[in-house]
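# Geometric and topological summary
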Amino acid sequence: DHSGLQTLVHAFCVLVMENEADKFYRELPKVELHAHLNGSVSFQSMEKLISRKPHLNIEHSMTAIRSGQRRTLDECFQVFKVIHQLVDTEEDILMVAKDVITEFAADGVKYLELRSTPREEKNTGLTKRRYVETVIKAIHECKSEGVDIDVRFLVAVDRRNGTEVAMETVKLAEEFMLSTDGLVLGLDLSGDPTVGHGRDLLPALQRAKNSGLKLALHLSEVPSQLEESDLLLNLPPDRIGHGTFLHPEVGGSQSLVDKVVKNNIPLELCLTSNVKGQTVPCYSQHHFQYWYQLGHPCVICTDDKGVFCTDLSQEYQLAASTFGLSHEAIWKLSQQAIDCTFAPENLKQELKQRWIELQPQGL
Ligand code: 6MZ
């Protein structure tokens, strides 16, 4: 049975890949646009956090979903709660942010837009402002230590926290956009998609947009969000996270697709995350296929490289092996991601120049 064998070979490749992607994918210069800080904490950093806080009795199995394992999306959100217990001081945030940035750089990521939800922790005296300042500090320290990566920050709104918190977060993001000379350049809307409604967050998102913050919104990550997606697409957002259930083949609609296409809104697509989180049944049925064959801008991303045990090289390799993409096609995909960044035009030009310098012979 040929297809059975193919499935087996594919499963084997996926297993092997948990260790390391092939040289081509590791050396490919890459842009990462959808990475949640606390979901990106590696095994090694987790080790340090766990040893700092032994009294919490947290084990690795509670913070990562390994190869072959799956969780419901709901269980994924439980995992973030555990990680948040481990990352609750300024010192923790500085460490994980620097580690995550350094790890992305080591994986060949040249430009990263990191996102995180400012969190207040009464026990440790952490404030939301201090939270953002600490991430900014990590970005500056990596830069001055010569880590080869350009990093920008997107302030995240957790949808579960409702209207007022969203508005507060937007104001904080506006302040930092001005005071960091553009290091903070946008707003993310994320969190458990089954909680809350985008309608309540619309005024905050509209305000962010008016003040010049770029909007990267999680849309239709689960099937029940058609009305919300339609509403939020009217803003329109500057990028879409996941967009798993937008198209008609999975219960979305042509009018949603038309809005996305008409406004040319890039999609941030995270294969392993969607399969392990069970919003997509298997790699070959990932909606990358639908949007890619439309010629619509798609950016391969990791989402939560720590929780889902992956890295961006592996995600590119997975896209290539699943959808039969050549090295040329993969190169184009990584290059086209530059145009989907929120970076100013001069930085985009610099990145394009770097891609030319790094292009392998014969491509
Ligand atoms: C929606 C997600 C997510 O912000 O504490 N987050 N939101 N869908 C997903 N798909 C799996 N993965 C992560 O990082 C963790 C937070 O990012 C969001 C959730 O709000 C989660 O609590 P930060 O750095």
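Just so you know, these numbers come straight off a predicted model, no measurement behind them. (Residues numbered from 1 in each chain as written. Predicted model: local features only at pLDDT ≥ 70, side-chain atom pairs only at ≥ 80, totals over all residues. Heavy atoms only, no water.)

## Regarding the site of the ligand
Heads up, the rule is: One heavy atom within 4 Å of a molecule or strand makes the whole residue count as near it. In protein, a polar contact requires one atom able to donate a hydrogen and another able to accept it; more generally it is a pair of N or O atoms within 3.5 Å, and residues adjacent in sequence count only if both atoms are side-chain atoms. Here the Shrake-Rupley method, with its probe set to 1.4 Å, supplies the accessible areas, and only the displayed protein chains count as covering residues. Cavity and pocket criteria rest on a 1 Å grid covering protein atoms alone: a 1.4 Å probe that fits but cannot get out defines a cavity, protein on both sides within 12 Å along at least 5 of 7 lines defines an open pocket, and an atom within 4 Å of a point defines a lining residue. Here the criterion for a molecule occupying a pocket or cavity is that more than half of its atoms lie within 2 Å of the pocket grid points. Helical segments are the DSSP runs of H or I of at least four residues, strand segments are the runs of E of at least two, and each set is numbered from the N terminus. Residues are grouped as follows: nonpolar covers Ala, Val, Leu, Ile, Met, Phe, Trp, Tyr, Cys and Pro; charged covers Asp, Glu, Lys and Arg; every other residue, Gly included, is treated as polar.
By nearness alone, 18 residues border the ligand, and Asn38, His84, Ser116, Thr117 and Asp304 come closest of all. Glycine 191 places a main-chain nitrogen or oxygen 3.0 Å from a nitrogen atom of the ligand. Aspartate 303 places a polar side-chain atom, nitrogen or oxygen, 3.4 Å from a nitrogen atom of the ligand. In the complex, the protein chains occlude 98% of the 510 Å² of accessible area that the ligand would expose alone. In this structure the site holding the ligand corresponds to the largest pocket. Broken down by element, the residue count for the shell around the ligand peaks at three residues, all from helix α4 (residues 73-86). When the residues that make up the shell around the ligand are grouped by side-chain class, the tally is four nonpolar, ten polar and four charged.

## Here's the deal with the pattern of salt bridges
Just so we agree on the cut-off: A carboxyl oxygen of Asp or Glu within 4 Å of a side-chain nitrogen of Lys or Arg is what we treat as a salt bridge. Each residue's exposure class comes from its accessible area (1.4 Å probe, protein chains only) as a fraction of the maximum for that residue type: buried when under 20%, exposed when over 50%, partly exposed otherwise.
Enumeration over the complete set of coordinates arrives at 28 salt bridges. Here glutamate 103 ties to lysine 305 by a salt bridge, and the two come within 2.6 Å at their closest N and O atoms. Of the two residues, glutamate 103 sits in helix α5 (residues 90-106) while lysine 305 sits in the loop between β8 (298-300) and α13 (312-323), which places them 202 residues apart along the sequence. For glutamate 103, a relative accessible area of 24% translates into the label partly exposed. Two residues, glutamate 175 and arginine 129, come together in a salt bridge whose shortest N-O distance is 2.5 Å. Residue glutamate 175 is located in helix α7 (residues 162-179), and its partner arginine 129 is located in helix α6 (residues 128-144); the two are separated by 46 residues in the primary sequence. By sharing partners, the salt bridges in this structure join Glu113, Arg115, Asp188, Arg239 and Glu268 into a single network.

## Some thoughts on the nonpolar core
The criterion, for reference: Nine residue types can take part in a nonpolar core, namely buried Ala, Val, Leu, Ile, Met, Phe, Trp, Tyr and Cys, and a core is a set of them joined through side-chain atoms within 4.5 Å. Every residue pair with non-hydrogen atoms within 4.5 Å of one another is taken to be in contact.
Leu112, Ile149, Leu187, Leu205 and Ile330 are the most contacted members of the largest nonpolar core, which has 116 residues in total. Broken down by element, the residue count for this core peaks at nine residues, all from α5. In this view, leucine 205 contacts Leu187, Leu189, Leu215, Leu217, Leu232 and Leu235; residues no more than four positions away in its chain are not counted.

## Remarks on α4
Rules: By this rule the span expected of a helix is its residue count minus one, scaled by 1.5 Å.
For α4, with 14 residues, the first-to-last C-alpha span of 21 Å sits near the 20 Å given by 1.5 Å per residue. Within α4, burial applies to Leu73, Cys76, Phe77, Val79, Phe80, Val82, Ile83 and Leu86. On its buried face, α4 sits against α3 (43-52) and α5.

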